[in-house]
Amino acid sequence: TDSCDPVAGCLHAPVQCNDGDLCTIDTCNSSPEGGCVFTPKNCNDSNVCTLDSCSSSSGQCINKPISCDDSNACTTDSCDVVAGCQNIAISCNDSNACTADSCIPSTGCSYTSISCDDGNACTNDFCSTTSGCYYAPVSCDDGNICTYDTCDAISGCKYQAKV
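Note that the coordinates shown come from a computational prediction; the quantities given were computed from them, not determined experimentally.

Definitions and cut-offs
- Residues numbered from 1 in each chain as written.
- Predicted model: local features only at pLDDT ≥ 70, side-chain atom pairs only at ≥ 80, totals over all residues.
- Heavy atoms only, no water.
- Disulfide = S-S within 2.5 Å.
- Helix = DSSP H or I, 4+ residues; strand = E, 2+ residues; numbered from the N terminus.
- Buried < 20%, exposed > 50% of the residue type's maximum accessible area, 1.4 Å probe, protein only.

Asks: Help me understand the state of the cysteines, please; the structure alone is not making it clear to me.
Replies: Formally, a disulfide is one covalent bond, and it connects the sulfur atom of one cysteine to the sulfur atom of another. Under the defined criterion, the tally for this structure stands at eleven disulfides. Note on cysteine connectivity: C98 is disulfide-linked to C127, with sulfurs 1.9 Å apart. Measuring handedness by torsion sign, the sulfur bridge of C98 and C127 sits at about -110 degrees and is left-handed. Linking C98 in the loop between β8 (84–89) and β9 (99–104) with C127 in strand β11 (residues 123–128), this pair joins segments that are 29 residues apart in sequence. Owing to a relative accessible area of 11%, C98 belongs among the buried residues under this scheme. A sulfur-sulfur distance of 1.9 Å marks the disulfide that ties C122 to C151. On the S-S bond that ties C122 to C151, the torsion sits near -110 degrees, and the link is left-handed. In this pair, C122 sits in the loop between β10 (108–113) and β11 while C151 sits in strand β13 (residues 147–152), placing the two residues 29 residues apart along the sequence. With no disulfide partner, C10 has as its closest neighbouring cysteine sulfur the one in C4, 4.5 Å distant. Between C146, a free cysteine, and C140, which holds the nearest cysteine sulfur, the sulfur-to-sulfur gap is 18 Å.

Following this line, the structure appears as structure tokens:
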């Protein structure tokens, strides 16, 4: 600010460029247009995994981690500093051939027992955790040589007398 004092002569006091905001860099533009310039403080940490801001009370940069939680229990959520949020599908394979494996977004992995019932009364149906369903033939041998031993797929073993 320029002024003139009758005793001291011309005075040139510097312009005070302070907007009171700790999140700006305050400078005086010495060009002919002059004036104060209030440049926002750059708090960008070049990390897409943070939300960048400036604390108006302290002037300090805040780089708060963002949440990549997609509320899907079937994904593993993380943030890559270059690519951003990553929501990778999880594997629900329990390596048990006797379960149907799936994932429900609200609850996560689900392992439902499978049915090995083939509807045939002439087989013993069971499940091996490593190989899956097996259908072993039922033995209808009643140990009586005087009967014909047969199996009906619906009703099971039948023993008919030999005549």
